[in-house]
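Inside the fold
The chain contents come next:
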Amino acid sequence: MSAARRRFREDGDAVTFDFAPMVDIVLLLLIFFFLTSNLGARQNALPLDLPRASSTVQETPDLPIVSVTRAGKVFLNGQETTLTRLRGQLEPLARASGGLVGLRADERGNYGTVVRVMDEIKKAGGSRLALGTQPGGAAGESAP
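Below is a short write-up of the structure. All values reported here derive from a predicted model rather than from experimental measurement.

**Side note on the overall build of the protein**
The helix and strand tally for the protein stands at 4 helices and 7 strands. Within the span of the protein, comprising 144 residues, buried residues form 24% of the whole. Approximately 10400 Å² of the protein is accessible, and the part contributed by carbon and sulfur atoms is 59%.

So this is what it looks like as structure tokens:
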């Protein structure tokens, strides 16, 4: 019995808790949440002057977005690409979204480039287009 009592006394020393691993985990969680919260803003990363419309629909995050700048540069989900590579990069994304592809083009951009991009979207399997617009302004009203 004395051996058990002696073991109890040795284990009865003050118990300490090390906060360093817990702080590490909390910091890792913070970094994870900061990174994932910025992924939702990828569609609005390009400075495009979109046309205005009186009725708009909220974009879905799974929708592949093709953007065309005023200078005619083409972007797929915020990453610059070329018109020739667009079809190959867009095919699996269009298939995953059921053929729905978002198109955001600068209002004062080259109309010919936008039409060529629309043709490549169609060839990549994009059967439906969701055109990006800015809220505000009535139909037939021009922006200043």
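**Some points on the pairing of strand β2 (residues 65-68)**
Along β2, one buried face is formed by I65 and S67 and the opposite face, lined by V66 and V68, is buried too. Bridge analysis of β2 against strand β5 (residues 100-105) gives 4 bridges, and the strand direction is parallel. Each residue of the ladder has a partner; that of S67, found in β5, is R104. Here 3 bridges tie β2 to strand β3 (residues 74-76), and the two strands are oriented antiparallel to one another. From the neighbouring strand, V68 faces β3, where its bridge partner is V74. Taken together, β2 and the strand that follows it, β3, pair antiparallel across an intervening segment of 5 residues, in which G72 is found at a positive phi of about 95°.

**Considerations on the sheet that holds β5**
Here 5 strands make up an open sheet; going across it, the order is β4-β3-β2-β5-β6 and the pairing mixed. Of all strands in the sheet, those with a lone pairing partner are β4 (79-81) and β6 (128-131), marking the two edges. The sheet shows a mean angle of 30° between the axes of neighbouring strands, taken without regard to direction. Sheet contacts for helix α4 (residues 111-123): β2, β3, β5 and β6; angle to β5, the most-contacted strand, approximately 170°.

**Some points on the nonpolar core**
Counting 14 residues, the largest nonpolar core has V66, L90, L103, V117 and I121 as the members making the most contacts within it. Listing elements by their share of this core, those giving two or more residues are β2, β3, α3 (83-96), β5 and α4. With residues near it in sequence (within four places) discarded, V66 still touches V74, F75, L76, L86, L90, V101, G102, L103, R104, V117 and I121.

**Comments concerning α3**
In this model α3 runs 21 Å from its N-terminal to its C-terminal C-alpha over 14 residues, within 8% of the 20 Å that 1.5 Å per residue would give. Considering bend angle alone, the principal kink of α3 is centred on L90 and spans about 40°; proline P92 follows within four residues of it. Among the residues of α3, those classed as buried are L86, L90 and A94. Looking at the buried positions of α3, the neighbouring elements they touch are β2, β3, β4, β5 and α4. Phi turns positive, to about 75°, at G98, one or two residues after α3.

**A few points about the pattern of salt bridges**
One pass over the structure, following the stated rule, counts 4 salt bridges. When the shortest N-O distance is used, the salt bridge between K123 and D119 registers 3.4 Å. One end of the pair, K123, and the other, D119, are both in helix α4, 4 residues apart, so they sit about a helical turn from each other. The partly exposed category is assigned to D119, whose relative accessible area is 37%.

About the cut-offs
- Residues numbered from 1 in each chain as written.
- Predicted model: local features only at pLDDT ≥ 70, side-chain atom pairs only at ≥ 80, totals over all residues.
- Heavy atoms only, no water.
- Helix = DSSP H or I, 4+ residues; strand = E, 2+ residues; numbered from the N terminus.
- Buried < 20%, exposed > 50% of the residue type's maximum accessible area, 1.4 Å probe, protein only.
- Areas by Shrake-Rupley, 256 points an atom, 1.4 Å probe, with all protein chains shown as cover.
- Pairing = 2+ DSSP bridges.
- Axes fitted to C-alpha atoms, helices over the stretch in contact; angles between N-to-C directions.
- Contact = heavy atoms within 4.5 Å.
- Core = buried A, V, L, I, M, F, W, Y, C linked by side-chain atoms within 4.5 Å.
- Expected span 1.5 Å × (residues − 1).
- Bend = angle between axes of the 7 residues up to and from the residue.
- Salt bridge = Lys/Arg side-chain N within 4 Å of Asp/Glu carboxyl O.

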